[in-house]
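# What the coordinates show
Spelled out from the first residue to the last, the chains are:
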Amino acid sequence: MVSKSQLLQCLPPFTNSSLLIEHAQDVPGIIREVLNAHECFASHYDSIYRYFVRSSVYATCKALFDFCKDNIQYVIETEDAQTTKSPSALLAMGHGDCKHYAGFIGGVLSAISRNTGERIKWFYRFAGYNYLNSEPGHVFVVVKDHGEEIWIDPVLNTF
């Protein structure tokens, strides 16, 4: 499996800079930013996707799950400080929450489709688990493969 340091050599350098997108964040704004960050960092993922391509879509998904579990510590962000990160920032800092896992996985899957012609059908799933509040509080990636859903959620203990 590829190491964080190998990937960091392929990516633009981490500069530890940040940009405030929205001062008062709400759930729709956070969702918008996740989708915007996906587009913003697309070229970065084009530099690293090849390290995750496997012999099947399932194996590729598993490789992404395993990489995130092994290299990115899950740290929940507070409601007051929600971020998205470039792949360089995520790997250099070594921690992230569900948005960061989903952004990394979605970024790599999109890059595979763009660069290899293999059309992996995937999407972000924004989910809520509080019956009293219907707003999503979690996000992960779902891949459709041969009529089945593959959930890639490194917040969970197993693939």
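The preceding data block contains the structure.
Definitions and limits used
Residues numbered from 1 in each chain as written. Predicted model: local features only at pLDDT ≥ 70, side-chain atom pairs only at ≥ 80, totals over all residues. Heavy atoms only, no water. Salt bridge = Lys/Arg side-chain N within 4 Å of Asp/Glu carboxyl O. Buried < 20%, exposed > 50% of the residue type's maximum accessible area, 1.4 Å probe, protein only. Helix = DSSP H or I, 4+ residues; strand = E, 2+ residues; numbered from the N terminus. Pairing = 2+ DSSP bridges. Axes fitted to C-alpha atoms, helices over the stretch in contact; angles between N-to-C directions. Contact = heavy atoms within 4.5 Å.

Okay, the pattern of salt bridges next. Counted by the stated rule, this structure contains six salt bridges. Notably, a salt bridge pairs D97 with K99, separated by 2.7 Å at the nearest N-O pair. K99 matches D97 in its accessibility class, with the two residues each being buried. Across the pair R125 and E149 runs a salt bridge whose closest N-O atoms are separated by 3.0 Å. Taken as a pair, R125 in strand β3 (residues 121-127) and E149 in strand β5 (residues 148-152) lie far apart in primary sequence, 24 residues in all. Among the residues examined, R125 registers a relative accessible area of 22% and is labelled partly exposed. Beyond isolated ion pairs, a larger network of salt bridges with shared partners links E77, D97 and K99.

The next point concerns the sheet that holds β3. The three strands are arranged β3-β4-β5 in an open sheet whose pairing can be described as antiparallel. In the strand order of this sheet, the two ends are held by β3 and β5, each with one partner. Neighbouring strand axes in the sheet, compared pairwise and without regard to direction, differ in orientation by 30 degrees on average.

This next bit is on the side chain of T60. In this fold, T60 is placed in helix α4 (residues 57-71). Apart from the residues lying within four places of it in its own chain, the contact partners of T60 are F52, V53, R54, L109 and I112.

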